[in-house]
Amino acid sequence: MILDAAGLALRNLFAPETRSVFWKVIGLTLLVLAGLWFVLRETFVAFAMPWVDALIPGTPEWAGWLTFIFGIFASIGLALALALLLSSVTAIIAGLFLDDVAEVIEKRDYPTDRPGTAMPIGAAMLASLKFFGIVILGNVIALFLLLVPGVNILAFFLVNGYLLGREFFEFAAMRYRSPVEARQFRSRHAGTVFVGGLVIAGFLAIPFLNLLTPLFAAGLMVHLHKILSARQVLLRA
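Residues numbered from 1 in each chain as written. Predicted model: local features only at pLDDT ≥ 70, side-chain atom pairs only at ≥ 80, totals over all residues. Heavy atoms only, no water.

1. Details of the overall build of the chain
Broken down by element type, the chain carries nine helices and zero strands. For the chain, the α and β elements follow one another from N to C terminus as α-α-α-α-α-α-α-α-α. Sorting the 237 residues of the chain into buried and exposed places 41% on the buried side. Excluding contacts between residues fewer than 6 apart, the proportion of contacts in the chain whose partners are at least 24 apart in sequence is 81%. Accessible surface for the chain amounts to roughly 13100 Å². Of this, 75% is attributable to carbon and sulfur atoms. (Helix = DSSP H or I, 4+ residues; strand = E, 2+ residues; numbered from the N terminus. Buried < 20%, exposed > 50% of the residue type's maximum accessible area, 1.4 Å probe, protein only. Contact = heavy atoms within 4.5 Å. Areas by Shrake-Rupley, 256 points an atom, 1.4 Å probe, with all protein chains shown as cover.)

Take a look at the structure:
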């Protein structure tokens, strides 16, 4: 079931119907990251460099290579900072387009079902900020757990699998259910949702492709919600 949903979500990423959303997310993410790079660099130059000059005043000309080395390490540090922000920036941008992705999937793959209800723009922006916070929280927790011997990379998958699975499944469910009903439905299928979240965490770990994690996650959970809902109807019949 989860593999089927993941396969359909991957196909949806590059489908003609979602191509415009695909390029919007990529373009806006790269634009925001470029802006963040400029802000971080200028902040570093304005505040860190004077501190370095004060720390080692009167550096002789023969030791100028120290400044060069320091500059290289600073550039690497800025790049790592952007890498840590990558998934978070993508989450907040893609969060604005999740309903567009869900609507395309529902119309194309489930044409006979009742269409879902998109969130109002205010709710969509709040959900986008929530996804941003969840991704930040997950990665901060995982970063600390990486320092614990015997946990390491497993922490990344467990934390992100739980948080991302929960949030994206509830997003898909709330297109058809109230927030309370969506949480209850997710709780009844907590194990399946968690495994789906692990698939999303695996996608998040792939460099460059992880820019599309929110779109992939939304597609996967829309399909998973549809499959679980259909199975529930059959069980009741």
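Read on, since the account is not over.
2. Quick look at the packing of aromatic side chains
According to the stated counting rule, one finds two aromatic pairs in the structure shown. Measuring from ring centre to ring centre gives 6.0 Å for Phe169 and Phe185, while their planes differ by 10 degrees; the resulting arrangement is stacked. In this pair, Phe169 is assigned in helix α6 (residues 153–173) and Phe185 in helix α7 (residues 179–188), connecting sequence segments 16 residues apart. Just as Phe169 is buried, Phe185 falls in that class too. Taking 4.3 Å as the distance between ring centres and 5 degrees as the angle between the ring planes, the aromatic pair formed by Phe203 and Phe216 counts as stacked. Here the residue Phe203 occupies a position in helix α8 (residues 190–204), and Phe216 occupies one in helix α9 (residues 213–236), the gap between them amounting to 13 residues. (Phe/Tyr/Trp six-rings, centres within 6.5 Å; stacked < 30°, edge-to-face > 60°.)

3. Topic: empty space enclosed by the protein
All chains considered together, the criterion is met by two cavities of 30 Å³ or more. In this structure, the second largest cavity spans a volume of roughly 30 Å³. Counting only elements with at least two residues in the lining of the second largest cavity, the list comes to α1 (2–13) and α2 (19–55). (1 Å grid on protein atoms, 1.4 Å probe; cavity = no way out; pocket = protein on both sides within 12 Å on 5 of 7 lines; lining within 4 Å. Points joined across faces, edges and corners; volume = space filled by probe spheres on them.)

4. Some remarks on the pattern of salt bridges
Evaluated as defined, the whole model comprises eight salt bridges. For Asp109, the salt bridge is made with Arg11, and the minimal N-O distance between the two is 3.2 Å. Of the two residues, Asp109 sits in helix α4 (residues 98–109) while Arg11 sits in helix α1, which places them 98 residues apart along the sequence. For Arg11, a relative accessible area of 47% corresponds to the partly exposed category. Across the salt bridge formed by Glu106 and Arg175, the nearest N and O atoms sit 2.8 Å from each other. One end of the pair, Glu106, is in helix α4; the other, Arg175, is in the loop between α6 and α7, with 69 residues separating them in the sequence. Assessed through its relative accessible area of 6%, Glu106 is described here as buried. Overlapping salt bridges bring together Arg11, Arg108 and Asp109 as one network. (Salt bridge = Lys/Arg side-chain N within 4 Å of Asp/Glu carboxyl O.)

5. So, the side chain of Asn12
By the secondary structure assignment, Asn12 is in helix α1. Here Asn12 falls in the buried class, since its relative accessible area comes to 2%. Within the structure, Asn12 has its side chain in polar contact with the side chain of Arg108 (distance 3.1 Å). Ignoring any residue separated from it by four or fewer positions in sequence, one finds Asn12 in contact with Thr18, Val101, Val104, Ile105 and Arg108. (Polar contact = N/O pair within 3.5 Å; in protein donor to acceptor, adjacent residues only side chain to side chain.)

6. Digging into the nonpolar core
Nonpolar side chains in soluble globular proteins generally cluster together in the buried interior. Counting 40 residues, the largest nonpolar core has Phe169, Phe216, Leu220 and Met221 as its most contacted members. For this core, the secondary-structure elements that each account for two or more residues are α1, α2, α4, α6, α7, α8 and α9. At nine residues, α9 tops the list of elements feeding residues into this core. Among all residues touching Leu220, those that are not within four sequence positions of it are Ala5, Ala6, Ala9, Gly196 and Val199. (Core = buried A, V, L, I, M, F, W, Y, C linked by side-chain atoms within 4.5 Å.)

7. Let's talk about the side chain of Arg175
For Arg175, a relative accessible area of 4% gives the class buried. In contact with Arg175, other than residues within four places in its own chain, are Asp99, Ala102, Glu103, Glu106, Gly116, Thr117 and Ala118.

8. What to know about α7
All of the buried residues along α7 are Ala182, Phe185 and Arg186. For α7, the angular spread of buried residues about the axis comes to 100 degrees, placing them on one side. Elements in contact with the buried residues of α7: α6, α8 and α9. (Arc of directions from axis to C-beta.)

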